[in-house]
Amino acid sequence: MDLETGFYQNRLKKESWRTVLTLAYQSLGVVYGDLSTSPLYVYTSTFAEDIKHSETNEEVYGVLSFIFWTLTLIPLLKYVFIVLKADDNGEGGTFALYSLLCRHAKVNSLPNSQLADEELSTYKKNDINIPAQTTFGAKIKSILERHRVLQRLLLVLSLTGASMVIGDGILTPAISVFSAISGAELSLGKEHHLCSEAMFADLGHFSQLSIKIAFTSLVYPSLVLAYMGQAAYLSRHHAMGNDYQIGFYVSVPEKLRWPVLVIAVLAAVVASQAAITGTFSIIKQCCALGCFPRVKIVHTSSKIHGQVYIPEINWTLMILCLAVTIGFRDTKRLGNAAGLAVITVMLVTTCLMSLVIVLCWHQSVLLAVCFVIFFGTIEALYFSASLIKFFEGAWVPIAISFIFMIVMCIWHYGSLKKYEFDVQNKVSIDWLLSVGPSLGIVRVRGIGLIYTELVSGIPAIFPHFVTNFPAFHQVLVFICVKSVPIPHVRHEERFLVGHIGPREHHLYRCIVRYGYRDARKDDLQFENDLVCSIAEFIRTGKTGLKGNAAEDLSKDLEDMTVLGTPSTHISGVQLYEDNELNSESVGTSNLREMHTTHITKPKKRVRFFIPETPKIDRNAREELRELMEASEAGIAYILGHSYVRAKQGSSLLKRIVINFGYDFLTRSSRPPAYALTVPHASTLEVGMVYHV
């Protein structure tokens, strides 16, 4: 038995290393492709005219030294050995840093955050083996949590970095191809830094270890050797005083120039993916955190959840890239534009990292100050050099980023105001329990799922519905599908289930939590998981809330139970339909079958299989039977369709943002994920105007 266990463990290790090495190989093109093509044009752009005649070759050696230390300090030291360690459970980018800060301090802009979310195991993963928070760090945390202005500034800073990454994704493809074909005139150092941020933003597509292995073992030494070789060629021919040219291709033997040119062009095409995939990652995180209009997100890998493709963004990048290329037709100005975009993202990363060092890693504030001073000074020099070229093309990323920044701010502001309207206009549980006699409301068979963004209370859309249509289902579930600022939520912690009011009213609240990297599937399996989670909650014997206590958020959370996804394990209640039953499942020894009593013929026959547990009390058994009968009758989806308008007396700017900007983005974006997959025959849409 020990031999078999050892063999199995060795096999897992081999497969793990095989996966890491495969990812490291793939990262050569996706992450490091752009940096690897930089030797094509760096010396050409540096010595634009000629090298000053000197026997010592000081200029050549000076440029080589500058290149070497740039590669060593920024990509290697800062990103590989420091910034990559600030991954958000495998995810990178400016929003990953923002997510880390939101978890360690109450600076989250998401309005539906809960205390229960802090108990997620993924939240605490990065807290292992870190020292206690320093006194000064606690003061910084307290200041950030007290001042709303600082929280908004932190969000704007993160959005600025995200916008610049998008702008870089537009500029990079054109520059990379131009560089391979014509030895584009790019300024020194700017291209070294596109890759550095792509290395961090693309972290979700690969892994920290694979990126480190690829850079330290192959990319870094290869680049150093390539630049040293070109420097040796230039120094030799310059010292001899021959008629020579400066460039990469002149150092290649004539017979190999055309094959090398073809390889360089192909490499440049692959290199464009560095910024494009980074853009996909940033957009995915922004959407999940409520800072970008909803778009279609395709997960291209069943194993690596961070590998995503966004069709709308891909087409947008292509159109804007062609527009910029046709508009400029000048690689020098394109280079100036890309340089400013990348260096801005680097500065944002440095600022956020300083806060991560203090608030998340609980290190000394002196260390954070040294980090900002050392790397910030270097990057500030590059930033000032790029800003000087503002009228020579550097204005382009600012304009592009400003447009995307406006879109993200409008979407976030509109979504926040919409949620605040729901919170301010939610009704109490007492109202819900008292509307029956006053309005003549009847309970019809089946389960009604009411989707809402609220994590407590009754949304305004529901009283609007029952006032005009006085009936709802025998089992009513207020379901909130929410994103939490972590990459993945474990299946064991997916659902939060609780009662609304006394249990005999059969009213439940279910909060379904997803990380910003989780794939959401709302289909038949989701329905079964939801029903089984409620059944498992009933089996545990939890009692409901009484009266106005449901409006108290903290009390509401205390009475909600964390439950897993039943389809991933069989330790809880399982639901089967008649066509799914077989002799093996009926005969399982550790499961008990529970039938329903039928008065009329149901749409389908449903059975619960309940694990062997202490005897279930009579009330819980009746509640389970009621849930089964409702499930047999079918599930209806009640979706709210809100029209957001600025209320009377609002400022002109607010009316423009809400009535035109947010309204246009809402109509242009995709509906929520659950609205795309629910069966249309069972869907009821309720419209309502929100005056915010």
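Owing to the predicted nature of the structure, the values given are computational and were not obtained by experimental measurement.

Quick look at the overall build of the protein
Okay, step 1: Within the protein, the secondary structure is distributed over 22 helices and twelve strands.
Okay, step 2: Sorting the 692 residues of the protein into buried and exposed places 53% on the buried side.
Okay, step 3: Taken as a whole, the protein presents about 31,500 Å² of accessible surface, with 61% of it coming from carbon and sulfur.

Observations regarding helix H20 (residues 618-633)
Okay, step 1: Taking 1.5 Å per residue as the helical rise, H20 with its 16 residues ought to reach 22 Å, and the 23 Å between its terminal C-alpha atoms agrees with that figure.
Okay, step 2: Here H20 has its buried residues at Ala620, Glu623, Leu624, Arg625, Leu627, Met628, Glu629, Ala630, Ser631, Glu632 and Ala633.
Okay, step 3: Count one or two residues on from H20 and you reach glycine 634, which has phi positive near 115°.

Examining the pairing of strand E4 (residues 471-484)
Okay, step 1: Most of E4 is tucked away, with 14 of its 14 residues classed as buried.
Okay, step 2: The pairing of strand E3 (residues 442-451) with E4 spans eight bridges and is classified as parallel. By the bridge assignment, isoleucine 447 is partnered in E4 with valine 475.
Okay, step 3: Relative to strand E6 (residues 507-515), E4 is paired through nine bridges, and the arrangement is parallel. Residue pairing in the sheet places valine 484 in a bridge with glycine 515 of E6.

Digging into a nonpolar patch on the surface
Okay, step 1: Residues Trp315, Met318, Ile319, Leu322 and Ile326 make up a contiguous nonpolar surface patch of roughly 540 Å² in combined accessible area.
Okay, step 2: Tracing the backbone shows isoleucine 319 in helix H11 (residues 311-328).
Okay, step 3: Since its relative accessible area comes to 52%, isoleucine 319 is described here as exposed.

Quick word on the packing of aromatic side chains
Okay, step 1: Under the defined criterion, the tally for this structure stands at 13 aromatic pairs.
Okay, step 2: Ring centres of phenylalanine 374 and phenylalanine 375 lie 4.9 Å apart, and the angle between their planes is 85°; this geometry places the pair in the edge-to-face category.
Okay, step 3: Both rings, one in tyrosine 451 and one in tyrosine 637, keep their centres 6.3 Å apart while their planes meet at 15°; by these two values the pair is stacked. Linking tyrosine 451 in strand E3 with tyrosine 637 in strand E11 (residues 635-645), this pair joins segments that are 186 residues apart in sequence. Accessibility classification places tyrosine 451 together with tyrosine 637 in one group, the buried group.
Okay, step 4: Following the ring pairs from residue to residue traces out a cluster consisting of Phe371, Phe374 and Phe375.

A few points about the side chain of aspartate 663
Okay, step 1: If you trace the backbone, aspartate 663 turns up in helix H21 (residues 652-668).
Okay, step 2: On the basis of relative accessible area, aspartate 663 is assigned to the buried category, the value being 16%.
Okay, step 3: At 3.4 Å, the side chain of aspartate 663 forms a polar contact with the side chain of arginine 645.
Okay, step 4: Every residue in contact with aspartate 663, bar those within four places of it in the chain, is listed here: Arg645 and Ile658.

Some thoughts on the sheet that holds strand E7 (residues 561-563)
Okay, step 1: Strand order in the open sheet formed by seven strands is E7-E5-E6-E4-E3-E11-E12, with mixed pairing between adjacent strands. Edge strands, defined here as strands with exactly one partner in the open sheet, are E7 and strand E12 (683-691). Strand-to-strand twist in this sheet, taken as the mean axis angle between neighbours without regard to direction, amounts to 25°.
Okay, step 2: Direction of pairing for E3 relative to E11: parallel, over a ladder of four bridges. Bridged to isoleucine 450 within E11 is isoleucine 638.
Okay, step 3: Each of E11 and E12 touches helix H14 (residues 395-424); the most contacted strand, E12, lies at about 95° to it.
Okay, step 4: Of the strands in this sheet, E3, E4, strand E5 (495-499), E6, E7 and E11 touch helix H17 (residues 524-540), which is tilted by about 50° from E5.

Considering unusual backbone geometry
Most peptide bonds adopt trans geometry, and most residues besides glycine take a negative phi value.
Okay, step 1: Here histidine 362, not a glycine, exhibits a phi torsion of approximately 55°, which is positive.
Okay, step 2: By secondary structure assignment, the location of histidine 362 is in the loop between helix H12 (331-360) and helix H13 (365-388).
Okay, step 3: Using a relative accessible area of 16% as the deciding quantity, one classes histidine 362 as buried.
Okay, step 4: Positive phi, close to 55°, is recorded for histidine 506, a residue that is not glycine.
Okay, step 5: With respect to the helices and strands, the residue histidine 506 is situated in the loop between E5 and E6.
Okay, step 6: With a relative accessible area of 14%, histidine 506 lands in the buried category.

Quick notes on the packing of H14 against H21
Okay, step 1: Contact geometry of H14 with H21 gives a least axis separation of 9 Å together with a crossing angle of 100°. For the element pair H14 / H21, the angle class is roughly perpendicular. Along its contact with H14, which presents Val407, Ile410, Trp411, Tyr413, Gly414, Ser415 and Lys418, the element H21 presents Lys654, Val657, Ile658, Gly661, Tyr662, Leu665 and Thr666.
Okay, step 2: In terms of residue class, the contact of H14 with H21 is built from eight nonpolar, four polar and two charged.

With respect to the pattern of salt bridges
Okay, step 1: Under the definition given, this model contains six salt bridges.
Okay, step 2: Close ionic contact of lysine 78 with glutamate 379 constitutes a salt bridge, the shortest N to O distance being 2.4 Å. Note on accessibility: lysine 78 and glutamate 379 belong to one class, buried.
Okay, step 3: Close ionic contact of aspartate 663 with arginine 645 constitutes a salt bridge, the shortest N to O distance being 3.4 Å.

Looking at the nonpolar core
Okay, step 1: Tyr43 and Phe292 are the most contacted members of the largest nonpolar core, which totals 100 residues.
Okay, step 2: Of the residues forming this core, the biggest block, 17 residues, is contributed by H12.
Okay, step 3: Residues in contact with phenylalanine 292, not counting those within four places in the same chain, are Ile283, Cys286, Cys287, Ile313, Phe404, Met408 and Trp411.
Okay, step 4: By size, the runner-up hydrophobic cluster in this structure holds 29 residues, among which are Tyr508, Ile538, Leu563 and Ile635.

As for helix H5 (residues 94-104)
Okay, step 1: The element H5 is largely enclosed, with a buried count of eleven among its eleven residues.
Okay, step 2: Listing the buried residues of H5 in full gives Thr94, Phe95, Ala96, Leu97, Tyr98, Ser99, Leu100, Leu101, Cys102, Arg103 and His104.

Here we look at the confidence of the model for the protein
Okay, step 1: Residues at a pLDDT of 70 or more form 71% of the protein, whose mean pLDDT is 75.
Okay, step 2: Predicted confidence in the protein is weakest over helix H19 (residues 583-586), with a mean pLDDT of 39, and strongest over H21, with 91.
Okay, step 3: Predicted confidence for residues 543-558 stays below pLDDT 50, and this span has 32 contacts to residues more than four positions away or in other chains.

What to know about the environment of valine 224
Okay, step 1: Note that valine 224 resides in helix H9 (residues 208-240).
Okay, step 2: Beyond its immediate sequence surroundings of up to four residues, valine 224 is in contact with Phe68 and Leu71.

Things to note about the packing of H11 against H14
Okay, step 1: For the pair H11 and H14, interaxial distance at closest approach is 13 Å and the crossing angle is 150°. Classified by the angle their axes make, H11 and H14 are roughly antiparallel. Relative to H14, the crossing made by H11 is right-handed. Residues Leu320, Val324 and Phe328 of H11 pack against Trp395, Val396, Ile400 and Phe404 of H14.
Okay, step 2: Split into classes, the residues belonging to the contact of H11 with H14 amount to seven nonpolar, no polar and no charged.

Parameters and conventions
Residues numbered from 1 in each chain as written. Predicted model: local features only at pLDDT ≥ 70, side-chain atom pairs only at ≥ 80, totals over all residues. Heavy atoms only, no water. Helix = DSSP H or I, 4+ residues; strand = E, 2+ residues; numbered from the N terminus. Buried < 20%, exposed > 50% of the residue type's maximum accessible area, 1.4 Å probe, protein only. Areas by Shrake-Rupley, 256 points an atom, 1.4 Å probe, with all protein chains shown as cover. Expected span 1.5 Å × (residues − 1). Pairing = 2+ DSSP bridges. Patch = residues over 30% accessible without salt bridge, like charges linked within 9 Å, V, L, I, M, F, W, Y side chains within 5 Å. Salt bridge = Lys/Arg side-chain N within 4 Å of Asp/Glu carboxyl O. Phe/Tyr/Trp six-rings, centres within 6.5 Å; stacked < 30°, edge-to-face > 60°. Polar contact = N/O pair within 3.5 Å; in protein donor to acceptor, adjacent residues only side chain to side chain. Contact = heavy atoms within 4.5 Å. Axes fitted to C-alpha atoms, helices over the stretch in contact; angles between N-to-C directions. Parallel < 35°, antiparallel > 145°, perpendicular 65-115°, else oblique. Nonpolar A, V, L, I, M, F, W, Y, C, P; charged D, E, K, R; others polar. Core = buried A, V, L, I, M, F, W, Y, C linked by side-chain atoms within 4.5 Å. pLDDT = per-residue confidence, 0-100. Left-handed = near helix turned anticlockwise from the far one by under 90°.

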